[in-house]
Amino acid sequence: MLSRMATRRRAREIVLQLLYEADLNDWRDAAASRRFIRSRLQGRNLLTTFATELLEGTMAHRDEIDQELKRLSTNWALGRMPVTDRNVLRLGAYEILYSKTPGQVAISEALTLARRYGGENSPRFINGVLDRLFKKTASDKNTVASE
């Protein structure tokens, strides 16, 4: 299980690189992104698929994710956040809101990325925002289920 986590973590790191790039420049086309992912993951098909789904899903839902992050990141405008933090949040939020990744796993993986690539305060900030998102999402699901 550890090697699966480590390799999925590597896939997330590659996706973070591409999200960072897309935040600062025009997003490279999907085919070029897939080639980059495949080369970085040495052609491992399951991981390439996982990373591609994360990237394309995060980009497809970026506007909705950004709206949610704006609401939850108290006193922080999205544009004022460090680029790395903003994209770790986007990736984590995508996993919580739209993927099959359990919310706690998505938060844990985002914190690992934040510790590795963010600033000193990044993990605490990212944990706070994603934890609020996770709790809000769980609460929304419970409300819908009880209606």
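It should be noted that the structure appears before, not after, this text.
Definitions and limits used
Residues numbered from 1 in each chain as written. Predicted model: local features only at pLDDT ≥ 70, side-chain atom pairs only at ≥ 80, totals over all residues. Heavy atoms only, no water. Helix = DSSP H or I, 4+ residues; strand = E, 2+ residues; numbered from the N terminus. Buried < 20%, exposed > 50% of the residue type's maximum accessible area, 1.4 Å probe, protein only. Contact = heavy atoms within 4.5 Å. Phe/Tyr/Trp six-rings, centres within 6.5 Å; stacked < 30°, edge-to-face > 60°. Lys NZ or Arg CZ within 6 Å of the ring centre and 35° of its normal. Salt bridge = Lys/Arg side-chain N within 4 Å of Asp/Glu carboxyl O. Axes fitted to C-alpha atoms, helices over the stretch in contact; angles between N-to-C directions. Parallel < 35°, antiparallel > 145°, perpendicular 65-115°, else oblique. Nonpolar A, V, L, I, M, F, W, Y, C, P; charged D, E, K, R; others polar.

Q: Which parts of the structure should I look at to understand the environment of Tyr94?
A: In this fold, Tyr94 is placed in helix α5 (residues 83-98). For Tyr94, a relative accessible area of 10% corresponds to the buried category. It is 11 Å that separates the C-alpha atoms of Tyr94 and Ile107, two residues lying 13 residues apart in sequence. Every residue in contact with Tyr94, bar those within four places of it in the chain, is listed here: Glu53, Leu54, Gly57, Thr58, His61, Ile65 and Ser99.

Q: I keep staring at the packing of aromatic side chains and nothing clicks. Help me out?
A: Given two aromatic rings, one states the distance between the centres and the angle between the planes to describe the pair. By the definition in use, this model includes two aromatic pairs. Ring centres of Trp76 and Phe125 lie 5.8 Å apart, and the angle between their planes is 55°; this geometry places the pair in the tilted category. Of the two residues, Trp76 sits in the loop between α4 (62-72) and α5 while Phe125 sits in helix α7 (residues 122-146), which places them 49 residues apart along the sequence. On the basis of relative accessibility, which here comes to 34%, the residue Trp76 falls in the partly exposed class. Measuring from ring centre to ring centre gives 5.7 Å for Tyr94 and Tyr98, while their planes differ by 25°; the resulting arrangement is stacked. With a gap of four residues between them, Tyr94 and Tyr98 both fall in helix α5, about one helical turn apart. Note on Tyr98: relative accessible area 36%, which makes it partly exposed. Across the ring face of Phe50, the terminal group of Arg8 is positioned such that the distance to the ring centre comes to 3.9 Å. Positioned over the ring face of Trp76 is Arg80, at 5.3 Å from the centre of the ring.

Q: Could you clarify how one ought to interpret the pattern of salt bridges in this entry?
A: Two side chains of opposite charge can pair, provided their charged atoms sit close to one another. Inspection of the entire model under this criterion finds 12 salt bridges. Two residues, Arg12 and Glu95, come together in a salt bridge whose shortest N-O distance is 2.8 Å. One end of the pair, Arg12, is in helix α1 (residues 2-24); the other, Glu95, is in helix α5, and 83 residues separate them in sequence. Two residues, Glu13 and Arg116, come together in a salt bridge whose shortest N-O distance is 2.6 Å.

Q: Would you mind showing me how to read the packing of α4 against α5 here?
A: Two packed helices can be described by the angle between their axes and the distance between those axes. Relative orientation of the contacting elements α4 and α5 amounts to 100°, with a least axis distance of 10 Å. Regarding the angle of α4 to α5, the classification is roughly perpendicular. Mapping the contact onto sequence places Arg62, Glu64, Ile65, Asp66 and Leu69 in α4 and Leu89, Arg90, Ala93, Tyr94, Leu97 and Tyr98 in α5. Classifying every residue of the contact of α4 with α5 by side-chain character gives seven nonpolar, no polar and four charged.

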